[in-house]
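Take a look at the letters that make up each chain.
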Amino acid sequence: MLLVAMALVEAVVVATKAATKTATKTATKIVTKPADKAGAIIAAALMLPGVISQIAHAETAPESAIVALKYLQYQDSQPGLKRIKVTSPSLYLMVPVSPQWAVEGSLVGDSVSGATPRYHSAISGATLKMKDERTAGDVKVTRYFERATTSASLSRSREHDYESTALGLDASFSSDDNNRTWNVGLGFTNDKITSSNDNTLNEKKRTTEFMVGITQALTANDLLQINLTRNQGRGFYTDPYKFPDERPRTRNQNIVLMRLNHHFTDLGATLRTSYRYYSDSFGIKAHTVGAEWVQPVNEVFTVTPSLRAYSQRAASFYFDPVYDAVAGEPFPPGFFNNPTQIISADQRLAAFGGITLCVKFAWQATPEWLLDLKLERYEQRSNWVFTGDGSPGIAPFRANFIQLGASKKF
């Protein structure tokens with residue numbers, strides 16, 4: 001499911017970048033209004049290359065339609081084993097239907113193949129082959145006001161053992177001087193979980209999400225964003241393909257996200273920095289620090305290298321396994337004499353750290369056509385935690401991403 005989520009995120013990125021161009025046009029219009037002299041700070045900042053990416057704000061309705069195609073290829077591995085391969089084409093479309101309304105949507109198709117996920121780091125847990133396909137789509141309708149937007153969204157995802165439906169409502173409100181924007185959001189997700197190994201499994205999981213955020217122009221070259229998110233989930237969180245694996249039926253999550261973008265006028269470049277803190281009722285606490293450098297080479301080429309570091313503390317019910325000499329599968333010490341109800345050896349719940357290196361190349365071939373190439377390398381190790389000790393016995397994990405994209409404005 002983690003791999004599938006990664007592919008879906010790429011589709012969202014397409015939408016974000018498409019909206020960026022429209023927002024730049026909006027900012028230009030704001031600057032030309034004599035009555036908005038105070039708002040010229042955020043308007044000037046919005047026109048800088050690379051400043052507004054990932055920064056939400058109120059805007060006028062887009063003037064042009066946009067079609068974007070993306071193709072993502074993913075391969076991960078651990079020593080002695082190539083694990084999962086994912087290919088994921090996606091399509092994004094945004095159409096303004098009036099000066100106050102716009103409709104956008106995306107379609108994603110994932111093809112997943114490779115070895116079944118390991119129990120922990122045991123080769124015996126990955127000897128079977130698997131193949132799966134996922135289709136996902138979403139649609140979003142947005143209403144634009146003078147200093148506000150409201151939108152409603154619906155998304156649907158389906159694979160052979162997992163179905164997900166989500167509804168979302170969000171709104172943004174700008175201050176009179178256009179230098180501050182408030183964002184609020186509410187989401188509901190309903191998931192259905194089955195299993196290829198157990199025909200009797202028919203579980204559900206429901207999640208409610210609340211988000212509030214603020215985007216503030218500090219200077220003509222600096223934008224700050226802070227988002228707070230609270231997720232409350234109830235239902236089935238156990239992995240039906242791992243044993244032993246039994247998890248709590250509730251999971252509450254808290255997320256704090258901070259972004260700061262600064263434009264260097266002399267270099268024509270923009271530095272995007274971010275920090276994300278995550279904690280949940282499973283006992284996981286995680287930190288993510290990221291930085292991107294957006295460097296225009298000339299009027300049509302842009303290069304964006306980036307670095308991201310991640311670290312998390314293990315879930316309270318995660319155990320460091322001892323491998324059974326006969327079965328070769330991981331069990332906690334004394335499991336068969338005194339089995340525990342809530343336990344898991346899933347590597348994703350362990351204590352570990354990860355580093356992601358990325359570079360993206362973008363070419364504005366014509367005023368209508370934008371082409372891009374993104375190369376990404378991720379590596380995860382238990383001893384790369386920021387503080388404390390990582391979980392022992394986990395083999396290093398590596399993943400490579402290649403993404404090609406093209407978008408056209410009409």
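Counting from 1, residues in each chain are numbered in the order their sequence is written. Residue-level local features of this predicted model are given only where pLDDT is at least 70; pairs of side-chain atoms are given and counted only at 80 or more, and the full residue set underlies all totals for whole chains, interfaces and linings. Only heavy atoms go into the side-chain values, all of them from the structure, while hydrogens and water stay out.

Considerations on the overall build of the protein
Move 1: Helical segments are the DSSP runs of H or I of at least four residues, strand segments are the runs of E of at least two, and each set is numbered from the N terminus. Regarding its fold elements, the protein presents two helices and 20 strands.
Move 2: Residue burial is assigned from relative accessible area. The probe radius is 1.4 Å, only protein chains are included, and a residue is buried under 20% of its type maximum, exposed over 50%, and partly exposed in between. Residue burial in the protein is summarised as follows: out of 410 residues, 45% are buried.
Move 3: The long-range share in the protein, meaning contacts at least 24 apart out of those at least 6 apart in sequence, stands at 60%.
Move 4: Of the roughly 20400 Å² of accessible surface on the protein, a fraction of 62% belongs to carbon and sulfur atoms. Two residues qualify as a contact provided that any one of their heavy atoms is within 4.5 Å of a heavy atom in the partner residue. Values of accessible area rely on a 1.4 Å probe in the Shrake-Rupley scheme; residue burial ignores everything except the protein chains shown.

Overview of the nonpolar core
Move 1: In this structure, Ala-315 and Leu-349 are the most contacted members of the largest nonpolar core, which totals 22 residues.
Move 2: Elements with a minimum of two residues in this core: strand 1 (66-78), strand 2 (81-96) and strand 20 (397-409).
Move 3: Contacts of Leu-349, omitting those with residues within four sequence positions, involve Arg-247, Phe-282, Ile-284, Gln-312, Ala-314, Ala-315, Phe-317, Tyr-318 and Ser-344.
Move 4: Counting five residues, the second-largest nonpolar core is a separate cluster that includes Phe-319, Phe-331, Phe-335 and Ala-345. Each nonpolar core is a collection of buried residues, namely Ala, Val, Leu, Ile, Met, Phe, Trp, Tyr and Cys, held together in the definition by side-chain atoms within 4.5 Å.

With respect to the pairing of strand 6 (residues 162-174)
Move 1: A pair of strands counts as paired when DSSP detects no fewer than two bridges linking them. Note: strand 5 (residues 148-159) against strand 6, 12 bridges, orientation antiparallel. Bridge pairing in strand 6 places Ala-148 opposite Phe-173.
Move 2: Turn length for the strand 5-strand 6 hairpin, with the two strands adjacent in sequence and antiparallel, is two residues.
Move 3: For strand 6 and strand 7 (residues 180-193), the ladder comprises 13 bridges, and the chain directions are antiparallel. Residue Glu-163 lies in a different strand from strand 7, and its bridge partner there is Lys-192.
Move 4: Connecting strand 6 to the next strand, strand 7, in antiparallel fashion are five residues, including Asn-178 with a positive phi near 65°.

Digging into unusual backbone geometry
Backbone phi values are negative for most residues with the exception of glycine, while trans is the configuration of most peptide bonds.
Move 1: With phi around 65°, Asn-178 is a residue other than glycine that occupies positive phi space.
Move 2: We classify Asn-178 as buried; its relative accessible area is 11%.

Things to note about the pattern of salt bridges
Once their charged atoms are close, side chains differing in charge can pair, the charge on each being opposite to the other.
Move 1: The salt bridge criterion pairs a side-chain nitrogen of Lys or Arg with a carboxyl oxygen of Asp or Glu, the two atoms within 4 Å. Taken as a whole and assessed by the stated rule, the structure comprises 20 salt bridges.
Move 2: Here Arg-158 and Glu-163 are joined by a salt bridge, their closest N and O atoms 3.4 Å apart.
Move 3: Look at Arg-158 and you get partly exposed, because its relative accessible area is 49%.
Move 4: One salt bridge connects Asp-346 with Arg-247, and the closest N-O pair in it is separated by 2.8 Å. Highlighted residues: Asp-346 in the loop between strand 17 (343-344) and strand 18 (352-363) and Arg-247 in the loop between strand 10 (245-246) and strand 11 (250-264), separated in sequence by 99 residues.
Move 5: Asp-346 gets classed as buried once you look at its relative accessible area, which sits at 3%.
Move 6: Each member of the salt-bridge network shares a partner with another, and the members are Asp-239, Lys-242, Asp-245, Arg-247, Asp-346 and Arg-348.

Let's talk about the packing of aromatic side chains
Move 1: The rule is short: rings of Phe, Tyr and Trp, with Trp giving its six-membered ring, pair when the centres are within 6.5 Å, and they are stacked under 30 degrees, edge-to-face over 60, tilted in between. Going through the model one piece at a time under the given rule, you end up with seven aromatic pairs.
Move 2: Aromatic side chains Phe-282 and Phe-317 sit 5.1 Å apart centroid to centroid with 75° between the ring planes, which places their arrangement in the edge-to-face category. Residue Phe-282 is located in the loop between strand 12 (269-280) and strand 13 (285-296), and its partner Phe-317 is located in the loop between strand 14 (301-312) and strand 15 (322-323); the two are separated by 35 residues in the primary sequence.
Move 3: Taking relative accessible area as the criterion, Phe-317 reaches 8% and is therefore assigned buried.

What about the pairing of strand 4 (residues 129-144)?
Move 1: Where strand 3 (residues 101-115) lies against strand 4, 15 bridges are found, and the strand directions are antiparallel. Its bridge partner lying in strand 4, Val-112 is registered against Asp-132.
Move 2: With 10 bridges connecting them, strand 4 and strand 5 associate as antiparallel partners. The partner of Asp-138 across the bridge, within strand 5, is Ser-155.
Move 3: If you look at the hairpin formed by strand 4 and strand 5, you'll find three residues sitting between the two strands.

Some points on the confidence of the model for the protein
In low-pLDDT segments, the atomic positions of the prediction should not be examined closely.
Move 1: Mean pLDDT for the protein: 84, with 80% of residues reaching 70 or above.
Move 2: Values of pLDDT, which run from 0 to 100, indicate the predictor's confidence residue by residue. Ignoring residues within four places in sequence, the model shows residues 1-47, a span with pLDDT below 50, making 89 contacts including any to other chains.

What about a nonpolar patch on the surface?
Move 1: Patches here are clusters of residues that have more than 30% relative accessible area and form no salt bridge, with a 9 Å joining cutoff for like charges and a 5 Å cutoff for nonpolar side chains (Val, Leu, Ile, Met, Phe, Trp, Tyr). A contiguous nonpolar patch, built from Leu-93, Val-95, Val-97, Trp-101, Val-103, Val-139, Val-141, Leu-154, Leu-167 and Phe-188 and spanning about 780 Å² of accessible area, is present on the exposed surface.
Move 2: Sorting the residues of the nonpolar patch by element identifies strand 2, strand 3 and strand 4 as the ones contributing at least two each.
Move 3: Tracing the sequence through the fold places Leu-154 in strand 5.

Some thoughts on the environment of Glu-292
Move 1: Assignment of secondary structure puts Glu-292 in strand 13.
Move 2: Spatially, the C-alpha atom of Glu-292 lies 6.5 Å from that of Thr-273, the residues being 19 residues apart in sequence.
Move 3: Contact partners of Glu-292, with chain neighbours within four places excluded, come to Thr-270, Leu-271, Arg-272, Thr-304, Pro-305 and Ser-306.
Move 4: A polar contact is formed between the side chain of Glu-292 and the side chain of Arg-272, at a distance of 2.7 Å. Residues adjacent in sequence count toward polar contacts only when both atoms are side-chain atoms; beyond that, a polar contact is any pair of N or O atoms within 3.5 Å, and within protein one must be able to donate a hydrogen and the other to accept it.

Observations regarding the environment of Ile-342
Move 1: Looking at the secondary structure, you find Ile-342 in the loop between strand 16 (330-331) and strand 17.
Move 2: Distance from Ile-342 to Glu-246, taken between C-alpha atoms, is 4.9 Å for residues 96 residues apart in sequence.
Move 3: Setting aside its immediate chain neighbours within four residues, Ile-342 contacts Glu-246, Arg-247, Pro-248 and Phe-317.

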